[in-house]
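Observations on chain architecture
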Amino acid sequence: ILGADLIIEVNGDFWHANPMLFEPGQRLNFPGGEVLVDDLWKKDELKLSLVHDHGLRSLTLWEGDMKRMSDLQLATILVESIGGFQAGANDSSTMI
């Protein structure tokens, strides 16, 4: 988000192996073959590290959480997150 130095990442529960749904060491059947969830998590960690190394902050939203939220709940989270980031919150990464 311009002016807030914030990226919002929306992670699919399957494609990013939501840690609330998958166990370490678990394998997923992807179109190109099996993928270890730990490898997906490492890839996402690396991506967020690059974001933070460039001075940006991140907000990660999970598919399942978003599906359970009303539009108003989601909008409130987004507005509060942006406001918190603009106010200079210490943590560079927030996960919902």
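Structural notes, computed from the coordinates. On a predicted model such as this, the values are computed, not experimentally measured, just so you know.

1. Side note on the pattern of salt bridges
Evaluated as defined, the whole model comprises 5 salt bridges. The salt bridge involving Glu9 is made with Lys47; its shortest N-O contact spans 2.6 Å. On the criterion of sequence distance, the pair formed by Glu9 in strand β1 (residues 6-11) and Lys47 in helix α1 (residues 37-53) is long-range, its members being 38 residues apart. The structure contains a network of salt bridges with shared partners spanning Glu9, Asp44 and Lys47.

2. Topic: unusual backbone geometry
Of note, the phi angle at Ala17 is positive, near 50 degrees, even though the residue is not glycine. By the secondary structure assignment, Ala17 is in the loop between β1 and β2 (27-30).

3. A look at the environment of Glu63
Position of Glu63 among the secondary structure elements: in helix α2 (residues 63-68). When near neighbours in sequence (up to four residues on either side) are disregarded, Glu63 contacts Asn11, Gly12, Asp13 and Phe14. Within the local environment of Glu63, its side chain forms a polar contact with the backbone nitrogen of Asp13, the two atoms lying 2.8 Å apart.

4. What about the pairing of strand β4 (residues 57-62)?
Among the 6 residues of β4, 5 are classified as buried, and the element is accordingly described as predominantly covered. Two elements, β1 and β4, share 6 bridges in a ladder whose sense is parallel. For Leu6, the partnering residue across the bridge sits in β4 and is Arg57.

The rules behind each value
- Residues numbered from 1 in each chain as written.
- Predicted model: local features only at pLDDT ≥ 70, side-chain atom pairs only at ≥ 80, totals over all residues.
- Heavy atoms only, no water.
- Salt bridge = Lys/Arg side-chain N within 4 Å of Asp/Glu carboxyl O.
- Helix = DSSP H or I, 4+ residues; strand = E, 2+ residues; numbered from the N terminus.
- Contact = heavy atoms within 4.5 Å.
- Polar contact = N/O pair within 3.5 Å; in protein donor to acceptor, adjacent residues only side chain to side chain.
- Buried < 20%, exposed > 50% of the residue type's maximum accessible area, 1.4 Å probe, protein only.
- Pairing = 2+ DSSP bridges.

All quantities given are derived from atomic positions and should not be read as evidence of function.
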